[in-house]
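# Fold and contact review
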Amino acid sequence: MAQAIQEGKFRQDLYYRLNVFSIALPPLRDRKEEIPTFVDYFMNKYSPAGSLQKVSPAMLGRMMDYPWPGNLRELENFIRRLVILGDESMMLGELGEPDSKTSVPVAAPQAAAAGGGLRDMKREAERKAIQAALERTQWRRKEAAKILNISYKALLYKMRDLQMDTA
């Protein structure tokens, strides 16, 4: 911000009006000890009522090794997908290799070979997510669309595209 003020891109008086106090919050990768707490919180938040899911110690270990370049929002979205899919093995590919310190998630090679490629894996993951949401809502598509955070029309399109029963 100081550089923007010096370059004349931001008014100094406005900065002092808006900057009542500053909070320096380190990225999640520098606060790894907080990851289990956030995982529990998001699992409670997104698990269906009465069906509390737990993350295995192996999955939690992989989460602790992952650098989380998207910080807390990325972790929250990861947990959301995990709850919807209900299958840790499908999610492990997003966390990269166990000892990897890269910030770019890579797909698990065995999953890519078995599923016939990344596109097939994506379609199967979408199918499972939609199926899980529909079963959770007793096939009430509007409620399923809300759970998946997509529009009703997008859900119908995806169901047609994936050749799922839309009747």
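Everything here concerns the structure above.
A short tour of the structure in this document, coming up. (Residues numbered from 1 in each chain as written. Predicted model: local features only at pLDDT ≥ 70, side-chain atom pairs only at ≥ 80, totals over all residues. Heavy atoms only, no water.)

Before going further, it helps to examine the side chain of Glu126. Summarising the element assignment, Glu126 is placed in helix α8 (residues 118-136). Not counting the four nearest positions on each side in its chain, Glu126 is found in contact with Lys158 and Leu162. (Helix = DSSP H or I, 4+ residues; strand = E, 2+ residues; numbered from the N terminus. Contact = heavy atoms within 4.5 Å.)

Right, let's talk about helix α3 (residues 35-46) for a bit. The terminal C-alpha atoms of α3 lie 16 Å apart, and with 12 residues this matches the ideal 16 Å at 1.5 Å per residue to within 8%. For α3, the complete set of buried residues consists of Ile35, Val39, Phe42, Met43 and Tyr46. End-on, the buried residues of α3 take up no more than an arc of 105 degrees, which puts them together on one face. (Expected span 1.5 Å × (residues − 1). Buried < 20%, exposed > 50% of the residue type's maximum accessible area, 1.4 Å probe, protein only. Arc of directions from axis to C-beta.)

This paragraph deals with helix α4 (residues 57-65). Think of an α-helix as turning once every 3.6 residues; residues three or four places apart then point the same way. Among all positions of α4, only Met59, Arg62 and Met63 are buried. Considered in projection along α4, the buried side chains sweep an arc of 100 degrees and stay on one side of the axis. Set apart from the buried face of α4 by more than 90 degrees, the exposed residues are Pro57 and Ala58. Where the residues of α4 are buried, they touch α3, α5 (71-85) and α6 (88-91).

At a minimum axis separation of 9 Å, helix α9 (residues 141-148) and helix α10 (residues 152-161) run at an interaxial angle of 100 degrees. When the axes of α9 and α10 are compared, the pair comes out roughly perpendicular. Contacts between α9 and α10 involve Arg141, Lys142, Ala144, Ala145 and Leu148 on the former and, on the latter, Tyr152, Leu155, Leu156 and Met159. Along the lines of polarity and charge, the residues of the contact of α9 with α10 split into seven nonpolar, no polar and two charged. (Axes fitted to C-alpha atoms, helices over the stretch in contact; angles between N-to-C directions. Parallel < 35°, antiparallel > 145°, perpendicular 65-115°, else oblique. Nonpolar A, V, L, I, M, F, W, Y, C, P; charged D, E, K, R; others polar.)

Even without a glycine there, the phi angle at Trp68 is positive, about 45 degrees. Checked against the element boundaries, Trp68 lands in the loop between α4 and α5. Accessibility expressed as a relative area gives 1% for Trp68, which makes it buried. We note that Asn149 has phi near 60 degrees; this positive angle belongs to a residue other than glycine. Along the polypeptide, Asn149 turns up in the loop between α9 and α10.

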